[in-house]
Amino acid sequence: MSRPARPGPWPPASSQPQPQTQHQPLSWAKRTAFKNAPISTSGQFSTPNTTPPPPDLESGPSTTTNNAALALPPPPTNPIPSAGPNNQNTSVKRSTGGANGASKERNPATRQRDRELSAPLPRLREREAEEDHDELPQRHPHVVTYSLRDTPGLVPIVYYGLQHYLSILGSLILIPLVIVPAMGGSYEDRAAVVSTVLLVSGVTTLLHTSLGTRLPLVQGPSFVYLAPALALINSPEFQALNQNNFKHIMKELQGALIIAAAFQAIIGYTGVMALLLRLISPIVVSSTIAAVGLSFFSYGFTQVGACLEIGILQILLVFIFSLYLRKIKLFGYRVFLIYAVPLGLGITWAIAFVLTETGVYSYKGCDANIPAANNVSEYCRKHVTRMKHCRANTSHALRDAPWFRFPYPLQWGTPLFNWKMALVMCLVSIIASVDSVGSYHASSLLVAERPPTAGVVSRGIGMEGITSLLAGLWGTGVGSSTLTENVHTIAVTKMGSRRAVQFGAVLLILISLIGKVGGFIASIPDVMVAALLCFMWAMLAALGLSNLRYSSNGSSRNSIVVGLALFFSLSVPAYFQQYGLNPNSNRSVPSYFQPYVIASHGPFHTTYAGVNYVLNTLLSFNMVIAFVIAFVLDNTVPGSRQERGAYVWSKSEAARREPAVVKDYQLPFNISRFFGWVKWVGL
């Protein structure tokens, strides 16, 4: 019996020409910049760092490619050559490397082909070299009509300035309409706080666009500070107050905000924030911001249910304008998408006014201003709540408001300082800084030449500390920070001009001096406020989760981290908040805010009352739990930089060499030359 011929390597060497499709994987790899990506610990293939497509107008740009797992190159289309009857089985066995699929020896042609497939293209090598030599990150195409340094004409700058602030109207005015009634304030107090918020927002926006990051970002009352404000309002110290509740609690809030603002300014201007940027990724930012929006779910529809027909109408109109009619343009603008909140509010308010004037919500012998408990008639006790929430004329704020009012510092009195409340606010200011970091990065990709440097980001956080200090001195009730809705507004309106935002801030300051404007806003019915908050908080959660587009979307690691952070951000505070259902709590706060009454009788019972207050309060905040879990897991669970989607900031040395970047972020009038010894003031 003749010995079977030893099989040769696959494919066998032959003098016959091979089909052209034999080299298809190699040409495909060259065309698509494919290289053998290592499999990460999460089980996903890492994608090559290719140039991203143009960003979407409504969702904002993305700094990473589509991170779906890449498929391997298709196998050759030509069949395996026949090796004859004697060695066919042996050839197949040797070509597959045996039963375990491991190749025992590879011929030179196969190794050469694998090296060509795995080698990065010159363009990729250049980009990797840029990162190693501190070059600037890739510039993304602008998607705005006017970029950061553009100056529109007089008419466009007036129009765009008003448009920018009208589109984020809900974020500016809704917080005072929530916390002032919780503090026991009247409609007049509500109007005064609204005017103060408008003034402080205009001043702080001018400061941030001039001396902060210089990005076109509106500063205003932050939802991040709403939860600690409500917890402070329900502190046991205030439960025995019988009069002047509003002013006393406001002075306590001012003292806590002033100390927290000083703390935030220190971590910004000392450069500590620039060091923390290495640990803050889109995973941390998305989980934290989403938890802020989801944390107030108990308030939304609970308050809307007080007058279902008006509240649901408000919600439906905003949904229709922002979703179903979002692509309809009038005069070249997406009017319904840009003005969804003011349009929905105006139409609903008008319908409620018509129903009120036609007597739909009028009941004979009943007065909506008389509490239900004081009504003798059973008939009136049954309908007075409906009258109070559905009627559009129950507030006298507009009628009683003066035509001119100038908000001034310390208008509520001298601030009161309490170290327990101040410590809570200091820790919350860190979360507000994390929120702002995500807004800085996303907005810079839309309007600027490059992302800011770590020093510019730290400078912006320091300036937000100064702006929160002003909010504490004037008495807005909550701290000031970059409004998350800025990114959505810039992407939708295509307006990224710094001058337009600054002009709008000047108009906001002038409007705040008209007392009737504050009275008009303060007279918005509570049901409409709750309906708008349902939309605003849902949008805030969505904007937070949209930061995940900067990370690997298909990574199981990221999905698990975000899922754990969001779940426990709802579950852990629920455990702490069950201790807040105290029948002796402050009755000025509605039942849906009672879970914040946990400071005096939470699960922590140490010998130090101050420690109990701080721990019970902080761990009842959804955003604190989400931040801690996401921060710890994202920085301890193994994962590549590309998989985590770490933010890419410009390097200071490279930024100084590019004139366009210097013009974007350098302080005006070359102020930074006087602070050369402070690393974080300049670029």
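Residues numbered from 1 in each chain as written. Predicted model: local features only at pLDDT ≥ 70, side-chain atom pairs only at ≥ 80, totals over all residues. Heavy atoms only, no water.

Draft legend 1. Structural view of the pattern of salt bridges. Here the structure, examined in full by the defined rule, presents seven salt bridges. With a shortest N-O distance of 3.3 Å, Arg190 and Asp526 are connected by a salt bridge. In this pair, Arg190 is assigned in helix 7 (residues 187–211) and Asp526 in helix 23 (residues 526–545), connecting sequence segments 336 residues apart. In this structure Arg190 comes out as buried when scored by relative accessible area, which is 5%. For Asp526, a relative accessible area of 24% gives the class partly exposed. By sharing partners, the salt bridges in this structure join Arg149, Glu449 and Asp664 into a single network. (Salt bridge = Lys/Arg side-chain N within 4 Å of Asp/Glu carboxyl O. Helix = DSSP H or I, 4+ residues; strand = E, 2+ residues; numbered from the N terminus. Buried < 20%, exposed > 50% of the residue type's maximum accessible area, 1.4 Å probe, protein only.)

Draft legend 2. Structural detail: the side chain of Ser429. Summarising the element assignment, Ser429 is placed in helix 18 (residues 419–447). With a relative accessible area of 0%, Ser429 lands in the buried category. Within polar-contact distance, the side chain of Ser429 engages the backbone oxygen of Cys426 at 2.4 Å. Excluding its chain neighbours within four sequence positions, the residues that come into contact with Ser429 are Tyr225, Ala260, Phe263 and Gln264. (Polar contact = N/O pair within 3.5 Å; in protein donor to acceptor, adjacent residues only side chain to side chain. Contact = heavy atoms within 4.5 Å.)

Draft legend 3. Local environment of the packing of helix 12 (residues 297–304) against helix 23. Running from N to C, helix 12 and helix 23 point in directions that differ by 140 degrees, and their axes come no closer than 8 Å. Regarding the angle of helix 12 to helix 23, the classification is oblique. Crossing angle aside, the handedness with which helix 12 passes helix 23 is left-handed. Each of Tyr299, Gly300, Phe301, Gln303 and Val304 in helix 12 lies in contact with helix 23, whose residues at this interface are Asp526, Val527, Ala530, Ala531, Leu533, Cys534 and Trp537. A per-class count over the contact of helix 12 with helix 23 returns nine nonpolar, two polar and one charged. (Axes fitted to C-alpha atoms, helices over the stretch in contact; angles between N-to-C directions. Parallel < 35°, antiparallel > 145°, perpendicular 65-115°, else oblique. Left-handed = near helix turned anticlockwise from the far one by under 90°. Nonpolar A, V, L, I, M, F, W, Y, C, P; charged D, E, K, R; others polar.)

Draft legend 4. Local environment of a nonpolar patch on the surface. Together, Phe301, Leu308, Ile312, Leu316, Phe319, Ile320, Leu323 and Tyr324 make up a nonpolar patch on the protein surface, roughly 790 Å² of accessible area in all. Broken down by element, the residue count for the nonpolar patch peaks at seven residues, all from helix 13 (residues 308–324). (Patch = residues over 30% accessible without salt bridge, like charges linked within 9 Å, V, L, I, M, F, W, Y side chains within 5 Å. Areas by Shrake-Rupley, 256 points an atom, 1.4 Å probe, with all protein chains shown as cover.)

Draft legend 5. View of helix 8 (residues 226–233). Where burial is concerned, most of helix 8 is hidden: eight out of the eight residues are buried. Those residues of helix 8 that sit buried are Leu226, Ala227, Pro228, Ala229, Leu230, Ala231, Leu232 and Ile233. Elements that come into contact with the buried residues of helix 8 comprise helix 6 (169–182), helix 9 (245–269), helix 18, helix 23, helix 25 (609–618) and helix 26 (622–636).

Draft legend 6. Local environment of unusual backbone geometry. A positive phi angle, near 70 degrees, is found at Arg214, a position not held by glycine. Relative to the helices and strands, Arg214 is located in the loop between helix 7 and strand 1 (219–221). Given a relative accessible area of 9%, Arg214 falls into the buried group. The backbone of Lys494 shows a phi angle near 60 degrees, a positive value even though the residue is not glycine. Here Lys494 lies in the loop between helix 20 (485–493) and helix 21 (498–512).

Draft legend 7. Expanded view of the nonpolar core. One finds Leu226, Ile524, Phe621 and Met623 to be the most contacted residues of the largest nonpolar core, which totals 117 residues. When residues of this core are assigned to their parent elements, the largest contribution, 14 residues, is made by helix 18. What Ile524 contacts, discounting residues up to four positions off in sequence, is Ile173, Leu177, Arg190, Leu345, Trp349 and Val529. Formed by six residues, the second largest nonpolar core is a distinct cluster that contains Leu199, Val200, Leu470 and Trp474. (Core = buried A, V, L, I, M, F, W, Y, C linked by side-chain atoms within 4.5 Å.)

Draft legend 8. Fine view of the packing of aromatic side chains. Under the defined criterion, the tally for this structure stands at 16 aromatic pairs. Plain terms: the ring middles of Tyr550 and Tyr647 are 6.0 Å apart, the flat faces sit at 65 degrees to each other, and that makes the pair edge-to-face. Of this pair, Tyr550 sits in the loop between helix 23 and helix 24 (556–577) while Tyr647 is found in the loop between helix 27 (641–644) and helix 28 (652–656), placing the two residues 97 residues apart along the sequence. On the basis of relative accessible area, Tyr647 is assigned to the buried category, the value being 4%. Taken together, a centroid distance of 5.5 Å and an interplanar angle of 85 degrees make the contact between Tyr575 and Phe576 edge-to-face. Ring pairing ties together the aromatic residues Tyr146, Tyr159, Tyr160 and Tyr333, which thus form one cluster. The cationic tip of Lys420 hangs over the ring face of Tyr613; the distance from NZ or CZ to the ring centre is 5.1 Å. Sitting above the plane of the Trp403 ring, Lys516 keeps its charged end 5.4 Å from the centroid. (Phe/Tyr/Trp six-rings, centres within 6.5 Å; stacked < 30°, edge-to-face > 60°. Lys NZ or Arg CZ within 6 Å of the ring centre and 35° of its normal.)

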